[in-house]
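# Architecture and fold: a report
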Amino acid sequence: MLRGLAGTWAVVGALLWGCGLALLQGGMLYPRESRSRERKELDGLWRFRADFSQNRRQGFEQQWYRTPLRESGPSLDMPVPSSFNDVGQDGRLRSFVGWVWYEREATLPQRWTEDLGTRVVLRIGSAHYYAIVWVNGVHVAEHEGGHLPFEADISRLVQSGPLSSCRITIAINNTLSPNTLPPGTILYKTDTSKYPKGYFVQNTNFDFFNYAGLHRTVLLYTTPTAYIDDITVTTDVDQDTGLVNYQIVVQGSEHFQLEVCLLDEEGTVVAKGTGGRGQLQVPSAHLWWPYLMHEHPAYLYSLEVKLTAQTAAGFVSDFYTLPVGIRTVAVTQSQFLINGKPFYFHGVNKHEDADIRGKGFDWPLLVKDFNLLRWLGANAFRTSHYPYAEEVMQLCDRYGIVVIDESPGVGIVLAQSYSNVSLQHHLEVMEEMVRRDKNHPSVVMWSVANEPASFLKPAGYYFKTLIAHTKALDPSRPVTFVTNSNYEADLGVPYVDVICVNSYYSWYHDYGHMEVIQLQLATQFESWYKTYQKPIIQSEYGAETITGFHEDPPLMFSEEYQKGLLEQYHVVLDQKRREYVVGELIWNFADFMTDQSPQRPIGNRKGIFTRQRQPKSAAFLLRERYWKLANETKCHRSAVKSQCVGNSPFTF
């Protein structure tokens, strides 16, 4: 019966693949240089001003975007990318809530401004949270959401003149409301004996600092006026033949030809195709395998697309190259399969967070993190609790690090956050997220939320709708959300493909009593599995540790306590991973900043590395464990060359 259902799902998935694509309007390809495309990064120092007026609206009332920012008052130098909170010495700026203004004068290459056959696009990688963009005082874009890219075609603005430069102004508001993602509330303190008139604070229901600013690269890039707007790739395997299904969207011309070539890592063409949609067959294909699961992990092909289009000015060509990993993902009642083999997630949860730069993208930090992940023997992480930079996903593709890609749906605990307004925005965020990350082989599952109040009555409809929408957008991957609700009360889990559970036994309750962990954790797993018969990931567990604190017998916040707590979890995980538990992700990879509170001594200290990426004792414990798990997988694969034992998979 299950085998038949798997076949049915494969057919339905193929049909939904086309339907899902139709839901996504407009592409969001990563800007890559090619024979027809150029890019100019605008990283560096921008002019900056926070609007400290009581209503935070002075910038709009005085129209700061109409003239250079220096003409309307003093400004600061602000590095981009970075959060603005920790760069300066003004304490008001660190906790500022409201509108801030960025400005940069960008020099334009002469060809960009004089060649009317060139399309010039402004792209903002991330602006947290709500952004409005002007070029030379002209409004060009608005965007809600702080973790995904958006862009605007500014060709007409820069080619009228033509201009040798342009002034880019970006106003950003980090205020969170019950309907934003993540949600928050503004609390006005009206007791004038304690607070100044108009005093307010931003409250949130998530445990990380609400850094704000231009967190990722701002850049200009060009394409021809007829161009490759979007590419969607899904892959499958038929015996030893890799199947690469592609669909290409073209804008700017209705009369065009498309040529497609797939190249291996040596640059040899292994398959060719034509047209906007088709399938490439790759005999004896090299599959994309996770790190430590294969002797040659993370194999990437290159899909080269050439567009030849007829325009009013004549024929133009556009070229784009997309990395492609051939792999399959499937889920059974008790297994998570990659390329038909059982995969066990042993990894971490992370944050985009570091000293001074906040959530600002930083290449040295990113490479350090990946070196630590590989040293640790981690094969996976979750993008807790928002989509990470595109460059992070690219390195995951390159190194074989498996990703659970999570939306900013964290802190959904108020009834107002389950409104139709909130749901509509959440659906739009999932569209943007799938559009951006759909082609990454490292992304094996979508997570739509973290620790929502999924026991509230509206949660059932909310998550049923949200998960169904995500599956329609991308039928090739399973969908989950991360829960900390009781298994009997959770109204959203019936709709997920994999159950992800967060629990902190002997930390947030039964403080200091590590002797109860094994019983409570075993009960947790058995209750969830008996109720739903779905594979389970321990998506968070851990304890806070202040480096250098040592206590024997172990006491909370000591390195010995963190290590001992993890060891108790591992006893049960080792039992249950032989049955239906398919992963464990420690909370957290590194210490990170939070709001100030008596419970947070300069941030959350649950990292196995410090915020400066130095190891605690628990890092060495996990390293020993993860490499042991990896070696077990290798031994199992060497001993068993036949198909995996277990239920027939529902293939995605």
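Residues numbered from 1 in each chain as written. Predicted model: local features only at pLDDT ≥ 70, side-chain atom pairs only at ≥ 80, totals over all residues. Heavy atoms only, no water.

Identification of the chain as Beta-glucuronidase from Neophocaena asiaeorientalis asiaeorientalis is taken from an unreviewed UniProt entry. Word for word, the UniProt comment on the chain under Catalytic activity (unreviewed entry) is "a beta-D-glucuronoside + H2O = D-glucuronate + an alcohol". Quoted verbatim from the Subunit (unreviewed entry) heading of the UniProt record, the comment on the chain is "Homotetramer." (UniProt positions renumbered as here; feature names shortened; annotations may be inferred.)

### Section: the overall build of the chain
A count of helical and extended segments in the chain gives twelve helices and 33 strands. In summary, the chain has a C-alpha radius of gyration of 25 Å against a globular reference of 26 Å for 652 residues, a match within 12%. Considered along the principal axes of its C-alpha atoms, the chain spans approximately 75 × 75 × 45 Å. With 652 residues in all, the chain has 58% of them scored as buried. Of the contacts made within the chain by residues no fewer than 6 positions apart, 74% connect residues no fewer than 24 positions apart. (Helix = DSSP H or I, 4+ residues; strand = E, 2+ residues; numbered from the N terminus. Rg over C-alpha atoms; globule rule 2.2 N^0.38 Å. Buried < 20%, exposed > 50% of the residue type's maximum accessible area, 1.4 Å probe, protein only. Contact = heavy atoms within 4.5 Å.)

### Quick word on the sheet that holds strand β21 (residues 314-324)
Adjacent strands of a sheet form backbone hydrogen bonds with each other and so pair up, either parallel or antiparallel. Across the sheet, which stays open at both edges, the four strands sit in the order β18-β17-β20-β21 with antiparallel pairing between neighbours. Edge strands, defined here as strands with exactly one partner in the open sheet, are β18 (269-274) and β21. Looking at each pair of strands side by side, their axes are set apart by 15° on average, direction ignored. Examined bridge by bridge, strand β17 (residues 256-263) and strand β20 (residues 301-311) share eight bridges and lie antiparallel to one another. Bridging across to β20, C261 finds its partner in E304. (Pairing = 2+ DSSP bridges. Axes fitted to C-alpha atoms, helices over the stretch in contact; angles between N-to-C directions.)

### A look at the UniProt feature "domain: Glycoside hydrolase family 2 catalytic" (unreviewed entry) in the chain
Using the residue numbers shown here, the UniProt feature "domain: Glycoside hydrolase family 2 catalytic" (unreviewed entry) corresponds to residues 329-630. Overall, residues 329-630 shows 35% helix and 16% strand. The separation of its end C-alpha atoms is 19 Å.

### Some thoughts on the pattern of salt bridges
On inspection of all chains with the given rule, the structure shows 32 salt bridges. The salt bridge partner of D355 is R611, with a shortest N-O separation of 3.0 Å. Taken as a pair, D355 in the loop between β25 (345-349) and α6 (363-376) and R611 in the loop between β32 (581-586) and α12 (617-639) lie far apart in primary sequence, 256 residues in all. You can call R611 buried: its relative accessible area is 11%. For D369, the salt bridge goes to R613, with nearest N and O atoms at 2.8 Å. (Salt bridge = Lys/Arg side-chain N within 4 Å of Asp/Glu carboxyl O.)

### Some points on the nonpolar core
Membership of the largest hydrophobic core comes to 89 residues, with the highest contact counts inside it found for F370, F381, V448 and F463. With residues near it in sequence (within four places) discarded, F370 still touches F381, V392, L395, C396, Y399 and I401. A226, W288, V329 and I338 belong to the second-largest nonpolar core, a separate cluster that totals 51 residues. (Core = buried A, V, L, I, M, F, W, Y, C linked by side-chain atoms within 4.5 Å.)

### Some points on helix α7 (residues 390-399)
Of all ten residues making up α7, eight are buried, and the element is well covered by its neighbours. Those residues of α7 that fall on the buried side of the exposure criterion are E390, E391, V392, M393, Q394, L395, C396 and D397. For α7, the elements touching its buried residues are β5 (118-124), α6, β26 (380-382), β27 (402-406), α8 (420-437) and β28 (443-450). Of the residues one or two after α7, G400 is the one with positive phi, at around 85°.

### Observations regarding the sheet that holds strand β19 (residues 277-282)
The antiparallel open sheet is built from three strands, whose spatial order is β15-β16-β19. Of all the strands in the sheet, the pair left with one neighbour each is β15 (227-238) and β19. Within this sheet the neighbouring strands show an average axis-to-axis angle of 20°, counted without direction. Sheet topology note: the β15/strand β16 (residues 241-251) ladder contains eleven bridges and is antiparallel. When the sheet's bridge partners are listed, I231 is paired in β16 with I248.

### Examining the domain arrangement of the chain
For the chain, the domain assignment lists domain 1 (38-174 + 210-223), domain 2 (227-324) and domain 3 (344-635). Centre-to-centre, using C-alpha coordinates, domain 1 lies 33 Å away from domain 3. Taken together, both faces of the contact between domain 1 and domain 3 bury some 1,600 Å²; the carbon and sulfur share is 53%. Linking domain 1 to domain 3 there are two salt bridges. Its salt-bridge partner being R216, residue E352 comes within 2.9 Å of it at the nearest N-O pair. Inspection of the domain 1/domain 3 interface yields nine residue pairs in polar contact (both at pLDDT 80 or more). Across the side of domain 1 that touches domain 3, the residue classes break down as six nonpolar, five polar and five charged. (Domains from an automatic or database assignment. Buried area = accessible area lost by both parts, 1.4 Å probe. Polar contact = N/O pair within 3.5 Å; in protein donor to acceptor, adjacent residues only side chain to side chain. Nonpolar A, V, L, I, M, F, W, Y, C, P; charged D, E, K, R; others polar.)

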